[in-house]
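Each chain is listed here by its residues.
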Amino acid sequence: MNSSFSTLDWAIFGSYFLLVILSTVWLSRIKVKSSKDYFVGEKSLPMFAVAISVLATSQSAATFLGAPDLAYKGNLTFIGFFFSALLAVVIVSKVLVPRFYEIGAITVYELLEKRYSPRAKRDAGAMFLVGRLFASGARLYIGALAVSMILFSDIAPLHIILAIVILMAGSLGYAYFGGIKSIIYADIVQVIIYIGAALFIIYHLYFTLLGGDFNIIFSTLAQDEKLKIIDFALTGSYNFWALITGLLLLNIAAYGLDQDMTQRILTCKDKNEGARSLLVSILITIPTSFLFLIIGLLLYLYYQHPEISHFAGKVNQEFAGEKIAIFMTYILHELPDGVKALATIGVVATTFTSTSSVLGAMSSVAVTDIYKPKFQGKSEEHYLHASKMGVLLFAILLSLMAILSYYWQRLSDIPLLDFALGVMVFAYAGLLGVFGVALFTDRGNETTVRVALIGGFLTVLLLQPAITKALWNFDINFSLQIIIGTIVSFGIMLIGKKENR
């Protein structure tokens, strides 16, 4: 099949962008009174809307394209990542959420100000900004990669940049005008769109396999050991031991210490609603993520069992000299007119949700934790303007990071989903160590906060595959990286003596 867009595809894709423009215009009418309203919506947003927004924030183009790849090459063990997240949010809802509401926080790092000092808060906020710049830049790049392949039939640097601009423009429209309220309501629309796209593709794939004979499909997958959910082996990124150690730490950091997620929780009216929104978000994230794993299993049957799919040909995962995800291969070469546009819209929608949310989160930390303390006594109108300028600034920085990721991922040769998750570890290791000591001991001070954050970051940097391969000829996956980085950060914090405030 032709890999380029048909007239029908362009019509559907154009209609989607018209919807984006109209919804942006409508959401821009939301009245915002202050920077606090811009960032946490006066703590008045409905719990279920917040839960859907947390779901949207946790998904990205890396999930849309990477999860099917994991199921295609392996099995269903990636779903364990979200069961690990379920345990993590229970911990976060019991330990962290009540503390955030107790101090009336706008950002999670204000907890360190209460425990140590304003400088500790600023340092943690700065570390979040650096880590989020890395991680969300990588997510934006992955979305742009897919869009460039489909719209321009190549991944030339100029087209990647143009795809980044397209994706950022849509994300910026939601984040800039109405703040967190606009982002959350836009997330609901985009979640419906990309789940709808996934369901339609599953429907299309399923009925290409012997007309949808469930018994044959299930028995073939079972026979090929594709239905395994728990893996007790010591290898693999998502084995049971990783889920209860490194990945659990990663999820605690993501849902409790990352302003990108917790900003949504803080928009609820009280701590109980905030905790409930977290739990509900995971309970709807698990089946949502499972949809993309199902796509991977069906793709496995389609390409590896031609007696079921009647696929005649050779699987070609090469595109412009690069190896691409199997779902991307299917989108480019097998989807009929119209459905190809739906798949593209799915990628774009997941990128919009993850990018618009992080723009608001990064601006909230930059303004609340760093800018306001340095420029006190200004009017609320001034801080609101600064908040919007922060969104614009981080839109530019994330776009530049996405361009850098284009070259970084090729140098590291890491699978898309592992790349996106692994980049998040840089900031999380230091934050986990700092908050762990702050919450559960009487040790640490503002000096050790800064050293611990830097120590965690540098530890993860030194454990990157490109470095460990060159020095010691072995790899350390991101799950083990976050364990080691957290231990280093925690140890540094314990050295510091308590300072009475």
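As a starting point, this report considers the structure included with it. (Residues numbered from 1 in each chain as written. Predicted model: local features only at pLDDT ≥ 70, side-chain atom pairs only at ≥ 80, totals over all residues. Heavy atoms only, no water.)

**Side note on the overall build of the protein chain**
Along the backbone of the protein chain there are 22 helices and two strands. Compactness check: the protein chain gives a C-alpha radius of gyration of 22 Å against a globular reference of 23 Å for 501 residues, within 12% of the reference. Across its three principal axes, the protein chain shows a C-alpha extent of roughly 70 × 55 × 40 Å. Counting every position in the protein chain, which comprises 501 residues, the buried fraction comes to 61%. (Helix = DSSP H or I, 4+ residues; strand = E, 2+ residues; numbered from the N terminus. Rg over C-alpha atoms; globule rule 2.2 N^0.38 Å. Buried < 20%, exposed > 50% of the residue type's maximum accessible area, 1.4 Å probe, protein only.)

**As for the side chain of Asn 251**
By the secondary structure assignment, Asn 251 is in helix α12 (residues 246–257). Judged by its relative accessible area of 2%, Asn 251 falls in the buried class. Excluding its chain neighbours within four sequence positions, the residues that come into contact with Asn 251 are Phe 81, Ser 84, Ala 85 and Ala 88. (Contact = heavy atoms within 4.5 Å.)

**Digging into the pattern of salt bridges**
Evaluated as defined, the whole model comprises ten salt bridges. With its nearest N and O atoms 3.4 Å apart, the salt bridge here joins Asp 37 to Lys 181. A residue pair is termed long-range when its members are at least 10 positions apart, and Asp 37 in helix α2 (residues 35–40) and Lys 181 in helix α9 (residues 157–206) qualify at 144 residues. Here Asp 37 and Lys 181 have matching classes, each one buried. (Salt bridge = Lys/Arg side-chain N within 4 Å of Asp/Glu carboxyl O.)

**Quick look at empty space enclosed by the protein**
Taken as a whole and assessed by the stated rule, the structure comprises three cavities of 30 Å³ or more. Phe 128, Gly 131, Arg 132, Ala 135, Asp 258, Met 424, Ala 427 and Tyr 428 are the residues that line the second largest cavity. Where the lining of the second largest cavity is concerned, the elements lending two or more residues are α8 (118–152) and α19 (416–440). The residue inventory of the lining of the second largest cavity, partitioned by class, reads five nonpolar, one polar and two charged. (1 Å grid on protein atoms, 1.4 Å probe; cavity = no way out; pocket = protein on both sides within 12 Å on 5 of 7 lines; lining within 4 Å. Points joined across faces, edges and corners; volume = space filled by probe spheres on them. Nonpolar A, V, L, I, M, F, W, Y, C, P; charged D, E, K, R; others polar.)

**Structural notes on helix α14 (residues 271–304)**
Its 34 residues give α14 an end-to-end C-alpha distance of 49 Å, which sits within 8% of 50 Å, the value for a rise of 1.5 Å per residue. With 24 of 34 residues buried, α14 is to be regarded as a mostly interior element. The residue sitting at the N-terminus of α14 and contributing the capping side-chain oxygen is Asp 270; that oxygen lies 3.1 Å from the backbone nitrogen of Asn 272. (Expected span 1.5 Å × (residues − 1). Polar contact = N/O pair within 3.5 Å; in protein donor to acceptor, adjacent residues only side chain to side chain.)

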